[in-house]
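Letter by letter, the chains look like this.
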Amino acid sequence: MSALTDFITAYNELSYSDRVVFYTTVSNDVNVSEDNLQPFLIETRITDKRVCVYCNGTHVVKNGTRKDGTQRYLCRDCGKSFIPSSHSVTSRTKKHLSVWAKYLKCMMEKKTLAETAEECRIALSTSFAWRHKILASLGELADKVYLEGTVEADETYFNVSYKGNHSKSADFSMPRPAHKRGNDSHTKGLSSEKVCVPCAIGEGGLAYARPEKLGKVSSECIEEAFDGIISPGAILCTDNEKAYRAFAGKAGISLIQTDTDCRTVSEGGAVYGVQRINAFHRSLKDFVRRFHGVSTKHLGNYIVWNDLISCNHRERDELLAQLLGKVLCVRKTLYYRDIPRKAPVPGPA
Ligand SMILES: [Zn+2]
């Protein structure tokens, strides 16, 4: 058997989620443009072996074409009929895929919801819904980040924000009086008015960050955030925070901590510090500031967005193709009706 045949056999045995990981890994080489979206969708989501986009079943047959020429499929395992874009973030929208491509371009350019709505000629409410659908899909991929080599980690804090419309959330009641705009009425220090976001950055700029809990960092929240994300073979560099000692000890990761002034440490001829993670914090804060504050329940999604557009500096078109590929490959995980139902703040206080 040729290497290619071996590869195809191995590929066909991959689960759907492994295929997504595979495509996002090799997507540098996958050329997606507005013109070849349909073939790309078929290739990545259904493949020659014909895998059902709903149940992973392989008893899938062609089932005619739609008026616009799109191939329809029928899964004999679950009985569902589908087209290549079914059960993805773009399904059940009446907009052409090229509008989605334009939308992603606006996201890469960090445009606001209103600017994006105008450019794509969609309603503001659609602009909002699409942003969160896309970010929820990308969030799935963020959880597959694996940091190796020298990894710098440090937590940062954001003010808790209940910004947004809560009218559809049956059990939401404002836990404190609303802050007036322009007033820095947030309490100083690390009270339950701050959300703790552990962040880590690996070699090459790949980063991971997640809003974890209210108030000060703890060893439990560091473990919760980084378990399975930082390789046991990594060298972890942090400031003098003791929460990282417990995590590194338990995970068997080598830990190098700077002194209280966060100066660099020399060990075995190499110099370690926390400059890269501090720069990451600054870029994240700048990004969130651009949107005039982000509701805490959506903060995680904005972190993913910032990671994606800042982790590499490739040519814009190439990055757009990658993003499009990632977004289209992922199965739908968020329904619009669920957006208002997200918990307002993460974890226990
Ligand atoms: Zn099926």
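Above this text you will find the structure in question.
As a starting point, this report considers the structure included with it. (Residues numbered from 1 in each chain as written. Predicted model: local features only at pLDDT ≥ 70, side-chain atom pairs only at ≥ 80, totals over all residues. Heavy atoms only, no water.)

## Re the pairing of strand β2 (residues 71-75)
The line we're drawing: Each residue is placed in one exposure class: buried if its accessible area under a 1.4 Å probe, protein chains only, is under 20% of its type's maximum, exposed if it is over 50%, and partly exposed if it falls in between. Strands are runs of DSSP state E lasting at least two residues, helices are runs of H or I lasting at least four, and both sets are numbered from the N terminus onward. Should DSSP find at least two bridges between two strands, the strands are taken to pair.
Side chains Gln71, Tyr73 and Cys75 of β2 all project onto a buried face; the interleaved residues Arg72 and Leu74 project onto a face where none is buried. Taking the residues between adjacent antiparallel strands as the criterion, strand β1 (residues 60-65) and β2 are bridged by five residues, where glycine 69 takes a positive phi near 95 degrees. Both β2 and strand β3 (residues 81-82) contribute to a ladder of two bridges, which runs antiparallel. Paired with tyrosine 73 across the two strands is phenylalanine 82, which belongs to β3. From the end of β2 to the start of β3, which pair antiparallel, there are five residues, and glycine 79 there has a positive phi angle of about 80 degrees.

## Comments concerning the coordination of the zinc ion
For a metal with four tetrahedral donors the ideal donor-metal-donor angle is 109.5 degrees, while six octahedral donors give ideal angles of 90 or 180 degrees. Note the threshold: Counted as donors are the N, O and S atoms within 2.8 Å of the metal, or 3.2 Å for Na, K and Ca, while water is not among the atoms, so some sites may look incomplete. Irregular is the label for any site that misses the other tests, which are tetrahedral for four donors with all angles between 85 and 135 degrees, and square planar for four donors or octahedral for six when opposite donors exceed 155 degrees and the remaining angles lie between 65 and 115.
The protein atoms that coordinate the zinc ion are Cys52 (SG), Cys55 (SG), Cys75 (SG) and Cys78 (SG), at distances of 2.2 to 2.4 Å. Here the zinc ion is ringed by four donor atoms whose angles at the metal span 104 to 117 degrees, and the overall shape comes out tetrahedral. As a motif over one chain, the donors of the zinc ion read C-x2-C-x19-C-x2-C. Taken together, the residues span a long stretch of sequence, with cysteine 55 in the loop between α3 (37-46) and β1 and cysteine 75 in strand β2 at a distance of 20 residues. With relative accessibility at 35%, the residue cysteine 55 sits in the partly exposed group.

## Things to note about the sheet that holds β3
A sheet is described by the order of its strands in space; here three strands give the open sequence β1-β2-β3, paired in antiparallel fashion. If you trace the sheet from one side to the other, it starts and ends with β1 and β3, each paired once.

## Focus on the packing of helix α4 (residues 97-108) against helix α5 (residues 113-120)
How two helices sit against one another is set out by the angle between their axes and by the gap between those axes. Defined as follows: To get an axis, fit a line to the C-alpha atoms, keeping to the stretch in contact for a helix; angles then go from 0 to 180 degrees between the N-to-C directions. Helix crossings get a hand from a simple test, with the near helix turned counterclockwise from the far one by less than a right angle marking a left-handed crossing and a clockwise turn marking a right-handed one. Whether two residues touch is decided by their heavy atoms; if any such pair falls within 4.5 Å, the residues are in contact. Gly is put with the polar residues, along with every residue not named as nonpolar or charged; the nonpolar set is Ala, Val, Leu, Ile, Met, Phe, Trp, Tyr, Cys and Pro, and the charged set is Asp, Glu, Lys and Arg.
Look at α4 against α5: their axes get within 10 Å of each other, and the N-to-C directions meet at 150 degrees. The chirality of how α4 crosses α5 is right-handed. Across the interface between the two elements, Val99, Lys102, Tyr103 and Cys106 of α4 pack against Leu113, Thr116, Glu119 and Cys120 of α5. Among the residues making up the contact of α4 with α5, the classes are represented as five nonpolar, one polar and two charged.

## Let's talk about the nonpolar core
Counted only if it meets this: Buried Ala, Val, Leu, Ile, Met, Phe, Trp, Tyr and Cys residues form a nonpolar core when they are joined through side-chain atoms within 4.5 Å.
One finds Tyr103, Ile134, Phe280 and Trp305 to be the most contacted residues of the largest nonpolar core, which totals 45 residues. In terms of residue count, α4 provides more of this core than any other element does, nine residues in total. Excluding residues within four positions of it along the chain, phenylalanine 280 makes contact with Cys199, Ile201, Ala207, Ala209 and Asp307. The next biggest cluster of nonpolar side chains, apart from the first, holds 22 residues, and it includes Ala153, Tyr208, Ile230 and Tyr244.

## A word on unusual backbone geometry
At lysine 110, a position not held by glycine, the phi torsion is positive, near 55 degrees. Looking at the secondary structure, you find lysine 110 in the loop between α4 and α5. The exposure class assigned to lysine 110 is partly exposed, which follows from its relative accessible area of 32%. Even without a glycine there, the phi angle at arginine 121 is positive, about 55 degrees. Here arginine 121 shows up in the loop between α5 and α6 (124-142).

No statement about biological role is implied by the geometric values presented.
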